[in-house]
Amino acid sequence: MRLSSHGKCLNPEVCAFRTHTNPLMATPSNRKLTGLVAATFTPLTPQGDVDVSLIGPYVDYLVEQQGVRSVFVNGTTGEGLSLSVDERKDLAEEWCLRGKDKLEQVIVHVGCLSLKDSQELARHAAETGADGIAVIAPSFFKPSSPDTLRRFLQEVAAAAPELPFYYYHIPAMTGLSMRACEILEGIEDSIPSFRGLKFSGGDLMDFGQCVSKCPPHWSLLYGVDEQLLSALVMGASGAVGSTYNYLGNRVSSLLSAFDEGDLGKARTIQFQIQDIISYAVKQGFDLAVNKQLMCEVSGLPLGPPRLPLLPCSSPRAQSLAQRLRQVLGLQKM
Ligand SMILES: CC(=O)N[C@H](C=O)[C@@H](O)[C@H](O)[C@H](O)CO
Ligand SMILES: CC(=O)C(=O)O
């Protein structure tokens, strides 16, 4: 889908579908982001170019095979920071287009090292009909205080004030040591479109303090898949993660078991996920391995990762996929 020079969506079909926000009022909806959100991988050709032709089948796989209805595009799993601005736009457009009538929410990660690039992607996400945007902290020159980070986030959010805005907290990748709850301090005063947080860290006290000051219209999504249950106990509204691409069904059962108060069942499923991830970690689990595992499980040829990540061999991913099927009881031990 292309945009006209004045920034209007040239695909009325898509934009009409996603007009739950009113750009004139520039106020985002309070439609909460809950449940499971798959952080999508970026399909690349064997030569390393973005291959948007796989996104249609990818949407169908998530919806039909994994029961996942929301996606988080161009984040860590999607190698967003390794893509060009144009590639990120193409991907956002295709996910919105193919997700039409099939996905509930398409959240586009627009964080970049350059504020200008982030603003351009934020505007584009709004024009494309995304349901929300998320921004990671810049990590080369790092913000020196929570207030400086809020100012950066505010300037990005202001480029798309009609879209729900989520801060993406992932200290292990950004190297930022600030606590998320400090960053949330008074954030809605400067960012009226602020609607929550994706928390990809292990500090559950920090997460709990975010939950305790969270107004009802925010969503606090947890992003460390192997300890999701602990975050649910702490009050997470949902989860965003890479493993929901291929473990969506099983983790949906974990969420239901938790909602029904069946902690024994929820724990059994969480332990299965931990078993799969710890087995993968022993084999050197990284994004490349994760992506190849998704290829093996889904059958979608998503291609290699982009440099500086190195491709993972197919036999290695096959042995992980076999372990996954064993642990999930889809195959005899
Ligand atoms: C660093 C990273 O990619 N984190 C992902 C989301 O934030 C997670 O979904 C992990 O991939 C997952 O928890 C497996 O460790
Ligand atoms: C896991 C996640 O949310 C990401 O890949 O950005």
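Preceding this section is the structure that the text describes.
All values derive from a computational prediction rather than experimental measurement. (Residues numbered from 1 in each chain as written. Chains lettered and ligands numbered in written order. Predicted model: local features only at pLDDT ≥ 70, side-chain atom pairs only at ≥ 80, totals over all residues. Heavy atoms only, no water.)

J.: Sorry, what's going on with the overall build of the protein here?
T.: The number of helices and strands found in the protein is 14 helices and eight strands. For the protein, the C-alpha atoms occupy an extent of roughly 60 × 45 × 35 Å along the three principal directions. In the protein, 73% of the contacts between residues at least 6 apart in sequence involve partners at least 24 apart. Here the protein contributes 30 positively and 34 negatively charged side chains, and the mean placements of these two sets differ by 3 Å. (Helix = DSSP H or I, 4+ residues; strand = E, 2+ residues; numbered from the N terminus. Contact = heavy atoms within 4.5 Å. Lys, Arg positive; Asp, Glu negative; His and termini not counted. Charge placed at Lys NZ, Arg CZ, Asp CG, Glu CD.)

J.: Honestly, empty space enclosed by the protein in this entry has me stumped. Any pointers?
T.: Where empty space is left can be seen by rolling a probe of water-molecule size over the atoms. Tallied over the full model, the rule gives one cavity of 30 Å³ or more. Here the largest cavity defines a volume of roughly 30 Å³. In terms of lining residues, the largest cavity is bounded by Ser 29, Asn 30, Arg 31, Lys 32, Leu 33, Pro 164, Tyr 166, Arg 195, His 217 and Ser 219. (1 Å grid on protein atoms, 1.4 Å probe; cavity = no way out; pocket = protein on both sides within 12 Å on 5 of 7 lines; lining within 4 Å. Points joined across faces, edges and corners; volume = space filled by probe spheres on them.)

J.: Which parts of the structure should I look at to understand helix α13 (residues 287-298)?
T.: Each α-helix turn comprises 3.6 residues. Residues three or four places apart therefore point the same way. In this model, α13 (twelve residues) spans 16 Å end to end at C-alpha, consistent with the 16 Å of a helix rising 1.5 Å per residue. Burial analysis of α13 places ten of its twelve residues in the buried class, which makes it a mostly covered element. Looking at α13, one finds that the buried residues are Leu 287, Ala 288, Val 289, Asn 290, Lys 291, Gln 292, Leu 293, Met 294, Cys 295 and Ser 298. Along its buried surface, α13 packs onto α2 (55-66), α11 (244-259) and α14 (314-327). If you check the start of α13, you find a side-chain oxygen 3.0 Å away from the backbone N of Ala 288, and it comes from Asp 286. Where α13 terminates, the next one or two residues include Gly 299, which has phi positive at roughly 80°. (Expected span 1.5 Å × (residues − 1). Buried < 20%, exposed > 50% of the residue type's maximum accessible area, 1.4 Å probe, protein only. Polar contact = N/O pair within 3.5 Å; in protein donor to acceptor, adjacent residues only side chain to side chain.)

J.: Mind showing me how you'd approach the environment of Gly 129 here?
T.: As for its placement among the helices and strands, Gly 129 is situated in the loop between α4 (115-128) and β4 (132-136). Each C-alpha atom of the pair Gly 129 and Glu 182 lies 31 Å from the other, and the pair is 53 residues apart in sequence.

J.: Sorry, what's going on with the nonpolar core here?
T.: Buried together is how nonpolar side chains tend to be arranged in soluble globular proteins. Counting residues in each nonpolar core, the largest one holds 93 residues, and the members touching the most others are Trp 95, Val 110, Leu 153 and Phe 165. Judged by nonpolar contacts, the second largest core, of twelve residues, contains Val 37, Phe 72, Ile 170 and Val 240. (Core = buried A, V, L, I, M, F, W, Y, C linked by side-chain atoms within 4.5 Å.)

J.: I would appreciate a short explanation of the sheet that holds β4 in the present structure.
T.: The parallel closed barrel is built from eight strands, whose spatial order is β1-β2-β3-β4-β5-β6-β7-β8. Here the strands of the sheet are splayed against their neighbours by 25° on average, with no regard to which way each runs. Alignment of strand β1 (residues 35-39) against strand β2 (residues 70-73), held across three bridges, turns out to be parallel. In the sheet register, Ala 38 faces β2, and the bridge partner there is Val 71. Strand contacts of helix α9 (residues 204-212): β5 (165-169), β6 (194-199) and β7 (219-222), with the helix running at about 160° to β7, the strand carrying the most contacts. Against the sheet, α11 makes contact with β1 and β8 (238-241), and its axis sits at roughly 165° relative to β1, the strand it touches most. (Pairing = 2+ DSSP bridges. Axes fitted to C-alpha atoms, helices over the stretch in contact; angles between N-to-C directions.)

J.: Quick question: what am I supposed to make of the pattern of salt bridges here?
T.: When the charged atoms of two side chains with opposite charge come close together, those side chains can pair. Scanning the model with the defined rule gives eleven salt bridges in all. Close ionic contact of Asp 131 with Arg 31 constitutes a salt bridge, the shortest N to O distance being 2.9 Å. Placement of the pair is Asp 131 in the loop between α4 and β4 and Arg 31 in the loop between α1 (12-17) and β1, with a sequence separation of 100 residues. Put simply, Arg 323 and Asp 275 hold a salt bridge, and the shortest N to O gap is 3.0 Å. Pair noted here: Arg 323 is in helix α14 and Asp 275 is in helix α12 (residues 263-282), with a separation of 48 residues, a long-range link. Residue Arg 323 is classed as partly exposed on the basis of its relative accessible area, which comes to 27%. Asp 275 gets classed as partly exposed once you look at its relative accessible area, which sits at 27%. (Salt bridge = Lys/Arg side-chain N within 4 Å of Asp/Glu carboxyl O.)

J.: For this particular structure, what's the right way to read the side chain of Thr 128?
T.: Residue position: Thr 128 is located in helix α4. Among the polar contacts made by the side chain of Thr 128, one reaches the main-chain carbonyl oxygen of His 124 at a distance of 2.6 Å.

J.: Could you clarify how one ought to interpret the packing of α2 against α11 in this entry?
T.: Two packed helices can be described by the angle between their axes and the distance between those axes. Following both chains from N to C, one finds α2 and α11 inclined at 20°, their axes separated by 9 Å at the closest point. Taken together, the axes of α2 and α11 lie roughly parallel to each other. In this structure, α2 crosses over α11, and the sense of that crossing is right-handed. Of α11, the residues touching α2 (which contributes Tyr 58, Tyr 61, Leu 62, Gln 65 and Gln 66) are Tyr 244, Asn 245, Tyr 246, Leu 247, Gly 248 and Asn 249. (Parallel < 35°, antiparallel > 145°, perpendicular 65-115°, else oblique. Left-handed = near helix turned anticlockwise from the far one by under 90°.)

J.: Would you mind showing me how to read the pairing of strand β3 (residues 105-109) here?
T.: A regular strand places its side chains so that they alternate between the two faces of the sheet. For β3, the tally of buried residues reaches five of five residues, placing the bulk of the element in the interior. Of the pairings in the sheet, the one linking β2 to β3 comprises four bridges and is parallel in character. Counterpart to Ser 70 in the pairing with β3 is Gln 105. A crossover connection joins β2 to the parallel β3 through helix α3 (residues 85-99); in handedness this β-α-β unit is right-handed. Where β3 and β4 come together, three bridges link them in parallel fashion. In the strand pairing of β4, Ile 107 is matched with Gly 132. Chirality of the crossover, the property in question, places the unit of β3, α4 and β4 among those that are right-handed. (Right-handed = clockwise from strand over helix to strand, strands pointing away.)

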